[in-house]
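Topology and contacts: notes
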Amino acid sequence: MCNEDLVDSLKEVISGLITHTDELRMKFNEVEESNREGNLDGEELRELNRTIHLLEIDSAAFEKILGE
């Protein structure tokens with residue numbers, strides 16, 4: 001009963017989610033360090049926001065695949 005296209009779509013979205021989650025953790029660590037040093041600027045916050053946006057895209061892809 002497993003739809004091969006569905007499985008392929010899920011694999012693709014999961015791969016992106018893993019990559020984006022790793023990137024979010026790295027960006028957060030960079031922002032946290034900059035904040036500790038007193039060097040937090042708008043560019044770092046924009047990069048963190050961009051990474052969060054990628055996770056939102058991944059979530060939307062799951063919703064689409066699952067038909068929600």
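Below: a short report on this structure. Sequence order sets the numbering: in each chain, residues are counted from 1 along the sequence as written. This being a predicted model, a pLDDT of at least 70 is required before a residue's local features are given, and a value of 80 or more before pairs of side-chain atoms are given or counted; all residues contribute to the totals for chains, interfaces and linings. Note: side-chain values were computed over all heavy atoms of the structure, leaving out hydrogens and water.

**Let's talk about a negative patch on the surface**
Short version of the rule: For patch detection, residues must exceed 30% relative accessible area and be free of salt bridges, and they are connected within 9 Å for like charges or within 5 Å for nonpolar side chains (Val, Leu, Ile, Met, Phe, Trp, Tyr). For the accessible areas, the method is Shrake-Rupley and the probe is 1.4 Å, while residue cover comes only from the protein chains on display. Each salt bridge in this description consists of a side-chain nitrogen of Lys or Arg and a carboxyl oxygen of Asp or Glu lying within 4 Å of one another. Charge counting treats Lys and Arg as positive and Asp and Glu as negative, with His and both chain ends excluded. Positions of charges follow a simple convention, taking NZ of Lys, CZ of Arg, CG of Asp or CD of Glu. Helix and strand labels come from DSSP, where a helix needs a run of H or I of at least four residues and a strand needs a run of E of at least two; each type is numbered from the N terminus.
Taken together, the side chains of Glu4, Asp5, Asp8 and Glu12 present a region of like negative charge at the surface. Note on placement: glutamate 12 falls in helix α1 (residues 4–37).

**Quick word on α1**
To keep things clear, this is the line we draw: Working rule for helices: expected span equals 1.5 Å times residues minus one. To sort residues, take the accessible area from a 1.4 Å probe on protein chains only and compare it with the maximum for the residue type: under 20% means buried, over 50% means exposed, and anything in between is partly exposed. The contact criterion used is simple: two residues touch if any of their non-hydrogen atoms lie within 4.5 Å. In protein, a polar contact means a hydrogen-donor-capable atom and an acceptor-capable atom, both N or O and within 3.5 Å, with residues adjacent in sequence counting only if both atoms are side-chain atoms; elsewhere, any N or O pair within 3.5 Å suffices.
Compared with the 50 Å implied by 1.5 Å per residue over 34 residues, the 50 Å span of α1 between its first and last C-alpha is a close match. Regarding α1, the residues found buried are Val13, Gly16, His20, Glu23, Lys27, Val31 and Ser34. Taken together, the buried residues of α1 touch α2 (42–66). Where α1 begins, one side-chain oxygen reaches toward the backbone nitrogen of aspartate 5, 2.9 Å away; that side chain belongs to asparagine 3. Taken from the residues just after α1, glycine 38 is the one with a positive phi, measuring 80°.

**Let's talk about the environment of leucine 10**
Looking at the element boundaries, leucine 10 is found in helix α1. Take leucine 10: its relative accessible area is 24%, and that puts it in the partly exposed class. As a C-alpha pair, leucine 10 and glutamate 43 span 33 residues in sequence and 32 Å in three-dimensional space. Not counting residues up to four positions away in its chain, the partners in contact with leucine 10 are Phe62 and Ile65.

Limitation: the analysis is restricted to geometry and does not speak to function.
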